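# Structural overview for review
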Amino acid sequence: MGDEGISAGQLLKQANQLKRAGRLDEAIALYHQVIEINPNFAWAYNNLGDAFVKQGNSDEAVVKYRRAIEINPNSTWFYYQLGEALAEQGKLNTASVYFQKSINTQMDLCNHLSKCYPEVEKGVNQVNSFYVFQGQNYGYLTDKAQWVSFPVDENSMYIIEGKIASENAPISKKALVQFEFFDRNNQKISGYYQGFSNSDNLGLYRYIDIPSQSLSKFCIAFKTLPKAFSLKIGFRRWHNKRTNNPIIIFESFMKTYFSQFKNLENSVLSSWVYYKLGVIYSKKRKLSEALFLCQKSFEKDVSFSKCEDKIRELIFKLESGSSVQYWENRYDQGGNSGIGTHNDKLAKFKADVINDLVEKENIESVLEFGCGDGRQLDFAKYPKYIGLDVSKTAINKCKEKFKQDPTKSFFMYDSVYFVDKGKTFFADMSISIDTLFHLIEDDIYYAYLEHLFKAAKKLVVVYSWNFEDREKFKFHIRPRKFTQDIEQVIQGWKLWKVVKNIYPATDLGEREGSFSNFYIYRKS
């Protein structure tokens, strides 16, 4: 019996490692072997449930979590896992029963979690709409603020949606918004806009990004001040003597959404529980609710970096939809793949490094995840090349640009639906150039890493930033310490060499240099 326990435990550890690496089919097979050896191993059922969750099979996950509870009805974690899986299915009433049981077994883990769900389910409702320019469908912002007022509740979460454009696209951060709060006596309350969806400010104003010439959606999320009874919002153009003042087009009609989570204000929920609830609602595509819950988490613990990353991701999704939509819109509206490839010296530096590898390592085929508009390919010398990208507009640009080149092929890439067990997309070397820090969503990022390494026979070349920064950059940029992530989730590869950028942004600035370096991996 002792030998069986040791054997089952060893297999469980191997299965857990496979699960963490994303090799779910192999992990599931091993978990089943563990259960065959020891049918009463509760953690094997629980971890098997986790693997099914990662596969998107919540029905099977629920069955396994229930079995784990049958074997060990005193585990706080098993009840919590089952509750979360049921919540994912939308069965919030049933989920609350299991959350309550997790509370009963250990109060410190999930204080009052079950009570939170009925409040969360109420969600965010549209409560107001207004016209910035009375009697007009749209107007033009000037140096003088255009003010609008409406009543608000104190200590509450609001989201305002609108549309904005500029004649000189792509122009960013050329519009401003100012918030003023008033009490019941119509006295202005000291303090100003406390939102978190615009990271940069100019005095009492906050910037609004303008991504294109066509009317593009923007969202501003904010929390009202204590004792606030009404809100006055002013929209204006940024006047700067050193720059031209482009025409800013502003859709007059705007929508306001109000959170009904006020009862949570005085709750004793931990930062972690708020965050977990936010993740659940993010997966259910209830982004406004998720944003509020993650903001509540961050208010309770401002050092919770994982929550801060989620907040930025949710703001990005509210404003742009997704990484895929952002890049399709960018290319469709005349944008390009960025300074990194449209700066000739940077493009040539990247090409020199990769071309040298192709020659010295006898690389016959190259597969690129994120080919963009094909500008970097102008400098490339590859015997055979396949380019993948999320944007159909970018793919069409590449097809047209290289239609006379028989060595190059282009295909659409979607990380969710990219399943290539037969290695149709397989090359001597796979490359990722200035792409990783544009993958905002964790699920897309980790799937991308898996596909990038599985597609290579000899080498994987990553040219990217390799640091974390949650404050300096726009929401469509998320710097990551990706070498650590690769070490944790990718097996069978070792970092072979690092090639430093000869044009570092730390010396030359972001327009003339780059934060990216080359990280070259070889099969171990």
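Here, the structure is the one placed above.
Let us look at the structure shown here.

Cut-offs applied
- Residues numbered from 1 in each chain as written.
- Predicted model: local features only at pLDDT ≥ 70, side-chain atom pairs only at ≥ 80, totals over all residues.
- Heavy atoms only, no water.
- Helix = DSSP H or I, 4+ residues; strand = E, 2+ residues; numbered from the N terminus.
- Buried < 20%, exposed > 50% of the residue type's maximum accessible area, 1.4 Å probe, protein only.
- Contact = heavy atoms within 4.5 Å.
- Areas by Shrake-Rupley, 256 points an atom, 1.4 Å probe, with all protein chains shown as cover.
- Patch = residues over 30% accessible without salt bridge, like charges linked within 9 Å, V, L, I, M, F, W, Y side chains within 5 Å.
- Salt bridge = Lys/Arg side-chain N within 4 Å of Asp/Glu carboxyl O.
- Core = buried A, V, L, I, M, F, W, Y, C linked by side-chain atoms within 4.5 Å.
- Axes fitted to C-alpha atoms, helices over the stretch in contact; angles between N-to-C directions.
- Parallel < 35°, antiparallel > 145°, perpendicular 65-115°, else oblique.
- Nonpolar A, V, L, I, M, F, W, Y, C, P; charged D, E, K, R; others polar.
- Pairing = 2+ DSSP bridges.
- Expected span 1.5 Å × (residues − 1).
- 1 Å grid on protein atoms, 1.4 Å probe; cavity = no way out; pocket = protein on both sides within 12 Å on 5 of 7 lines; lining within 4 Å.
- Points joined across faces, edges and corners; volume = space filled by probe spheres on them.
- Phe/Tyr/Trp six-rings, centres within 6.5 Å; stacked < 30°, edge-to-face > 60°.
- Lys NZ or Arg CZ within 6 Å of the ring centre and 35° of its normal.

Moving on, we get to the overall build of the protein chain. Within the protein chain, the secondary structure is distributed over 17 helices and 18 strands. Per-residue burial for the protein chain yields a buried fraction of 54% across its 524 residues. In the protein chain, the proportion of contacts linking residues at least 24 apart, taken out of those at least 6 apart, comes to 72%. As presented, the protein chain carries roughly 24800 Å² of accessible surface, and 47% of it is formed by carbon and sulfur atoms.

On the surface, a cluster of nonpolar side chains totalling about 310 Å² of accessible area is made up of Y138, Y140 and I247. When you line up the elements, Y140 lands in strand β2 (residues 138-141).

Ranked by size, the top nonpolar core spans 61 residues in total, and within it Y31, V34, L82, L291, C307 and I311 carry the most contacts. Sort the elements by how many residues they give to this core and helix α9 (residues 287-300) lands first, with seven residues. Formed by 28 residues, the second largest nonpolar core is a distinct cluster that contains V177, F181, L225 and I248.

Between helix α11 (residues 323-332) and helix α14 (residues 392-401), whose axes approach to 7 Å, the crossing angle comes to 50°. Classed by the angle they form, the pair α11 and α14 counts as oblique. Between α11 and α14, the residues in contact are E328, Y331 and D332 and K392, T393, A394 and K397, respectively. Across the contact of α11 with α14, the residue classes break down as two nonpolar, one polar and four charged.

To continue, consider the sheet that holds strand β15 (residues 427-433). Spatially, the seven strands line up as an open sheet ordered β14-β13-β12-β15-β16-β18-β17, and their pairing is mixed. The open sheet has two edge strands, β14 (408-412) and β17 (493-499), and neither has a second partner. Taken over all neighbouring pairs, the strand axes of this sheet differ in orientation by 20° on average, direction set aside. Where strand β13 (residues 385-389) lies against β14, five bridges are found, and the strand directions are parallel. For L388, the partnering residue across the bridge sits in β14 and is F411. Contacts from helix α13 (residues 344-360) reach β12 (366-369), β15, β16 (456-464), β17 and β18 (517-523) within the one sheet, and its direction differs from that of β15 by about 160°. Together, β16 and β18 form the strand contacts of helix α16 (residues 482-489), whose direction differs from that of β18 by roughly 15°.

The terminal C-alpha atoms of helix α10 (residues 305-320) lie 22 Å apart, and with 16 residues this matches the ideal 22 Å at 1.5 Å per residue to within 8%. Most of α10 is tucked away: twelve of the 16 residues are buried. Among the residues making up α10, those that are buried are C307, E308, D309, K310, I311, R312, E313, L314, I315, F316, K317 and L318. Immediately beyond the C-terminal end of α10, within one or two residues, lies G321, with a positive phi of roughly 95°.

Moving on, we get to empty space enclosed by the protein. Under the criterion given, the structure shown has two cavities of 30 Å³ or more. Estimated volume of the second largest cavity: approximately 30 Å³. If you go around the second largest cavity, the residues you meet are D309, R312, E313, I440, F475 and R478. For the lining of the second largest cavity, the per-class residue count stands at two nonpolar, no polar and four charged.

As a further point, take the packing of aromatic side chains. This structure, assessed with the given rule, holds 29 aromatic pairs. Aromatic pair Y131 and F253: ring centres 5.4 Å apart, planes at 55°, arrangement tilted. Remark: F253 occurs in strand β11 (residues 253-259) and Y131 occurs in strand β1 (residues 124-131); sequence separation between them is 122 residues. What makes Y131 partly exposed here is its relative accessible area of 37%. Note on F411 and F425: the rings are 5.2 Å apart at their centroids and 80° apart in plane angle, and the pair reads as edge-to-face. A residue pair is termed long-range when its members are at least 10 positions apart, and F411 in strand β14 and F425 in the loop between β14 and β15 qualify at 14 residues. Ring pairing ties together the aromatic residues F369, F411, Y413, F418, F425 and Y448, which thus form one cluster. Taking NZ or CZ as reference, R480 lies 3.8 Å from the ring centre of Y445, over its face.

Such coordinate-based values are descriptive only and should not be taken to indicate function.
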